[in-house]
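The primary structure of each chain is shown beneath.
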Amino acid sequence: MSKNKKNAQGEAAFDEYYSALFGERWEKLKESLKGEPLYYEYNEKLNKSYFLDQGSVRAAFSLPLDGAENILDMCAAPGGKSLILSSRMSQEARLTCNERSRERKSRLLRVLDEHLPEDIRSRVSVSGYDAAKWCTYQKEVFDRILLDAPCSSERHVLSDPKYLELWTPARVRNLAATQWSILSSAFLVLKSGGYLLYSTCALASTENDGVVQKLLKKYPNASIVQLEEKPYPNLCGAEKTEYGLHVLPDAQQGAGPLYFSLIRKQAQEE
């Protein structure tokens with residue numbers, strides 16, 4: 001990328017960047033991002049329904065919970081995926097919901113308190129650690145981890161003229177670096193034989209497959225679990241990428257964007 005393109009800023013730079021990624025599809029995709037998301041009413045074992053993007057539901061459903069005893073939602077706010085994990089985990093399992101931001105953590109607590117019945121809420125704890133540094137004080141602790149990483153969130157950028165005016169390609173590069181630090185920490189915190197679901201609401205492969213590819217190169221015991229494109233008849237489908245699936249709103253009636261990849265940490269004896 002030329003120096004001028006690296007320093008480009010605003011809506012024109014945004015369009016140029018994503019047009020290069022999606023080609024002729026970009027204009028239709030961009031319009032779909034400006035529309036309403038496709039929401040799903042989730043109410044399984046909850047006190048009241050919670051509405052979240054269908055892509056987020058697809059991602060959360062993709063983390064296998066059978067046999068899981070110690071589960072971590074590493075960047076949990078606002079809490080929709082935490083509700084799905086907590087309501088679907090076994091009665092013997094416990095869930096830790098982590099959120100570093102004090103404001104977002106407060107919102108997370110409200111969501112959990114309002115939606116979870118006491119028998120489930122009593123097995124859900126909330127922490128406020130820096131996810132990227134978690135591996136410095138704990139390793140091989142959780143047998144399931146969901147990591148919905150901070151990302152470019154292009155849908156939100158497009159909805160806010162201020163953020164769109166400030167957008168530069170550096171946003172993607174910087175977030176990919178943050179995502180890598182959190183994903184590598186999560187993998188070290190994951191038990192051998194455990195499963196880690198990495199997800200973002202980003203469009204760029206740099207933040208999606210690119211981050212997962214870096215993990216696979218660094219850790220030989222990391223492997224990808226293949227996921228079905230449409231395993232649930234009442235939920236949106238997804239498009240295959242090299243290492244995961246991508247829900248894109250122009251093809252899924254407004255759902256997404258939501259990328260997710262399921263990673264297994266192989267045990268040493270395998």
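Residues numbered from 1 in each chain as written. Predicted model: local features only at pLDDT ≥ 70, side-chain atom pairs only at ≥ 80, totals over all residues. Heavy atoms only, no water.

S.K.: Can you explain the overall build of the protein chain? Please cite residues and give values.
M.R.: For the protein chain, the count of helices and strands is 11 helices and 11 strands. In terms of overall dimensions, the protein chain is globule-like: its C-alpha atoms have a radius of gyration of 18 Å, near the 18 Å expected for 270 residues. The principal-axis extent of the C-alpha atoms belonging to the protein chain is close to 55 × 40 × 35 Å. Per-residue burial over the protein chain gives 55% buried out of 270 residues. The long-range share in the protein chain, meaning contacts at least 24 apart out of those at least 6 apart in sequence, stands at 73%. For the protein chain, the exposed area adds up to about 12,700 Å²; of that, 47% sits on carbon and sulfur atoms. Treating the 36 positive side-chain charges of the protein chain as one cloud and the 36 negative ones as another, the clouds have centres 5 Å apart. (Helix = DSSP H or I, 4+ residues; strand = E, 2+ residues; numbered from the N terminus. Rg over C-alpha atoms; globule rule 2.2 N^0.38 Å. Buried < 20%, exposed > 50% of the residue type's maximum accessible area, 1.4 Å probe, protein only. Contact = heavy atoms within 4.5 Å. Areas by Shrake-Rupley, 256 points an atom, 1.4 Å probe, with all protein chains shown as cover. Lys, Arg positive; Asp, Glu negative; His and termini not counted. Charge placed at Lys NZ, Arg CZ, Asp CG, Glu CD.)

S.K.: So what's going on with the packing of aromatic side chains? Which residues, and what values?
M.R.: The tally for this structure, following the rule as stated, stands at 16 aromatic pairs. Lying over the aromatic face of Phe61, Arg88 brings its terminal NZ or CZ to 4.0 Å of the ring centre. One residue, Lys265, lies across the ring of Phe187, its end atom 5.0 Å from the ring centre. (Phe/Tyr/Trp six-rings, centres within 6.5 Å; stacked < 30°, edge-to-face > 60°. Lys NZ or Arg CZ within 6 Å of the ring centre and 35° of its normal.)

S.K.: Any details on the environment of Asp113? Residues and values, ideally.
M.R.: On the secondary structure map, Asp113 appears in helix H6 (residues 102-115). Asp113 sits in the partly exposed class, given a relative accessible area of 48%. As for Asp113 and Asn47, which are separated by 66 residues in sequence, their C-alpha atoms are 9.5 Å apart.

S.K.: Talk me through the pairing of strand E11 (residues 258-265); I want residue IDs and the actual numbers.
M.R.: By the criterion of burial, E11 is predominantly enclosed, with 8 of the 8 residues buried. Sheet topology note: the strand E7 (residues 190-200)/E11 ladder contains 6 bridges and is antiparallel. By the bridge assignment for E11, Thr200 is matched with Tyr259. Summarising the sheet, strand E8 (residues 222-225) and E11 pair through 4 bridges and their orientation is antiparallel. The residue bridging Val225 from the neighbouring strand is Leu262, located in E11. Bridge analysis of strand E10 (residues 245-247) against E11 gives 3 bridges, and the strand direction is antiparallel. Counterpart to Leu245 in the pairing with E11 is Phe260. (Pairing = 2+ DSSP bridges.)

S.K.: Give a detailed account of the packing of helix H2 (residues 11-22) against helix H3 (residues 26-34), specifying residues and quantitative values.
M.R.: Between H2 and H3, whose axes approach to 9 Å, the crossing angle comes to 120°. Comparing their axes, H3 and H2 come out oblique. Crossing of H2 over H3 shows right-handed handedness. Residues Glu11, Phe14, Asp15, Tyr18, Ser19 and Phe22 of H2 form the contact with H3, whose own contacting residues are Trp26, Leu29 and Lys30. Here the residues of the contact of H2 with H3 are counted per class, giving 5 nonpolar, 1 polar and 3 charged. (Axes fitted to C-alpha atoms, helices over the stretch in contact; angles between N-to-C directions. Parallel < 35°, antiparallel > 145°, perpendicular 65-115°, else oblique. Left-handed = near helix turned anticlockwise from the far one by under 90°. Nonpolar A, V, L, I, M, F, W, Y, C, P; charged D, E, K, R; others polar.)

S.K.: Account for the packing of helix H10 (residues 169-189) against helix H11 (residues 209-218), naming residues and giving values.
M.R.: Following both chains from N to C, one finds H10 and H11 inclined at 45°, their axes separated by 9 Å at the closest point. It follows that H10 is oblique to H11 by the angle criterion. Relative to H11, the crossing made by H10 is right-handed. On H11, the residues touching Ala176, Gln179, Trp180, Leu183, Ser184 and Phe187 of H10 are Val211, Val212, Lys214, Leu215 and Lys218. A class-by-class count of the residues in the contact of H10 with H11 yields 7 nonpolar, 2 polar and 2 charged.

S.K.: Just give me the short version of the nonpolar core, but keep the residues and values in it.
M.R.: In this structure, Leu63, Ile71, Val124 and Phe260 are the most contacted members of the largest nonpolar core, which totals 41 residues. Here the element with the most residues in this core is helix H4 (residues 54-61); it accounts for 4 residues. Ignoring sequence-local partners within four residues, the contact set of Ile71 consists of Leu65, Leu85, Met89, Ala93, Arg94, Leu95, Thr96, Phe142, Asp143 and Arg144. Formed by 28 residues, the second largest nonpolar core is a distinct cluster that contains Leu196, Val212, Ala222 and Ile263. (Core = buried A, V, L, I, M, F, W, Y, C linked by side-chain atoms within 4.5 Å.)

S.K.: Give a detailed account of the pattern of salt bridges, specifying residues and quantitative values.
M.R.: Scanning all chains against the criterion turns up 12 salt bridges. For Lys30, the salt bridge is made with Asp15, and the minimal N-O distance between the two is 2.9 Å. Residue Lys30 is located in helix H3, and its partner Asp15 is located in helix H2; the two are separated by 15 residues in the primary sequence. Comparing Lys30 with Asp15 shows no difference in burial state: the two are buried. Linking Asp113 and Arg121 is a salt bridge whose minimum nitrogen-to-oxygen distance equals 2.8 Å. A single salt-bridge network, built from bridges that share partners, covers Glu11, Asp15 and Lys30. (Salt bridge = Lys/Arg side-chain N within 4 Å of Asp/Glu carboxyl O.)

S.K.: Lay out the state of the cysteines with the relevant residues and their values.
M.R.: In the structure shown here, the tally under the stated rule is 0 disulfides. Of all cysteine sulfurs in the structure, the one in Cys75 sits closest to Cys135, which takes part in no disulfide; the separation is 13 Å. This cysteine, Cys236, is not joined by any disulfide, and Cys201 carries the nearest cysteine sulfur, 14 Å off. (Disulfide = S-S within 2.5 Å.)

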